[in-house]
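Analysis of the macromolecular model
The chain contents come next:
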Amino acid sequence: MKNILKISVMYIAFGLVIGLTTHEIAYWTNFSGETVLSFVHAHALILGGGVFLMVPVLMKVFQIEQQKGFKGFLWAYNLGLLMTLGFMSVRGFSELLEFPLGNMMNHMVGGLAGIGHVILTVGVFLFFKALFRAMKECA
């Protein structure tokens, strides 16, 4: 449970750092547009920090960590979220710094961020599968 809380803190710290970095770079470069980095900030805080802040509660109430799909959830969800955050950050910083990506690189970054979202969805599926099994055992 302690490791899950550490994961939550790491995502929250990343979300806050990316938000501050985005603000400061935009301020110093006089950038006034929108970038994907605001979504990275929200994804990290909510999907990273928020989810992993609630998981220990479910671990305590339902012993969800004893279910077969729970480890798969941890791996898939973290891998998907890290891929998503990483490739969205690449796109966001290229927008913020007005560094255009080439056509191939643009499609690659978008595709890999999309694959990250798909892996993240698999993690969510595994989480709910483990949660429903745990709830069934408690009933």
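Treat the numbers as computed from the prediction; the structure is a model and nothing was measured.

With that settled, consider the nonpolar core. Core analysis: the largest hydrophobic core is formed by 30 residues, its most contacted members being Val40, Phe52, Val55, Ile64, Phe70, Phe73 and Tyr77. Those elements that provide at least two residues to this core are helix H1 (2-28), helix H2 (37-62), helix H3 (70-96) and helix H4 (103-138). With nine residues, the top contributor of residues to this core is H3. Every residue in contact with Tyr77, bar those within four places of it in the chain, is listed here: Leu47, Val51, Phe52, Gly72, Leu120, Gly123 and Val124.

Attention now goes to unusual backbone geometry. For Asn30, which is not a glycine, the phi torsion comes out positive at approximately 55 degrees. Relative to the assigned elements, Asn30 resides in the loop between H1 and H2. Backbone geometry at Gln63 places phi at a positive 50 degrees, although glycine is not the residue there. Position of Gln63 among the secondary structure elements: in the loop between H2 and H3.

Applying the stated rule across the entire model yields nine aromatic pairs. Here Phe52 and Tyr77 contribute two aromatic rings whose centre-to-centre distance is 5.5 Å and whose plane-to-plane angle is 75 degrees, an arrangement assigned as edge-to-face. Residue Phe52 is found in helix H2, and its partner Tyr77 is found in helix H3; the two are separated by 25 residues along the sequence. When its relative accessible area of 0% is taken as the criterion, Phe52 is described as buried. Plain terms: the ring middles of Phe127 and Phe128 are 5.5 Å apart, the flat faces sit at 75 degrees to each other, and that makes the pair edge-to-face. Here Phe127 falls in the buried class, since its relative accessible area comes to 12%. Feature note: the residues Tyr11, Phe52, Phe70, Phe73, Tyr77, Phe127, Phe128 and Phe132 constitute an aromatic cluster, connected by ring pairs.

Definitions and cut-offs
Residues numbered from 1 in each chain as written. Predicted model: local features only at pLDDT ≥ 70, side-chain atom pairs only at ≥ 80, totals over all residues. Heavy atoms only, no water. Core = buried A, V, L, I, M, F, W, Y, C linked by side-chain atoms within 4.5 Å. Buried < 20%, exposed > 50% of the residue type's maximum accessible area, 1.4 Å probe, protein only. Helix = DSSP H or I, 4+ residues; strand = E, 2+ residues; numbered from the N terminus. Contact = heavy atoms within 4.5 Å. Phe/Tyr/Trp six-rings, centres within 6.5 Å; stacked < 30°, edge-to-face > 60°.

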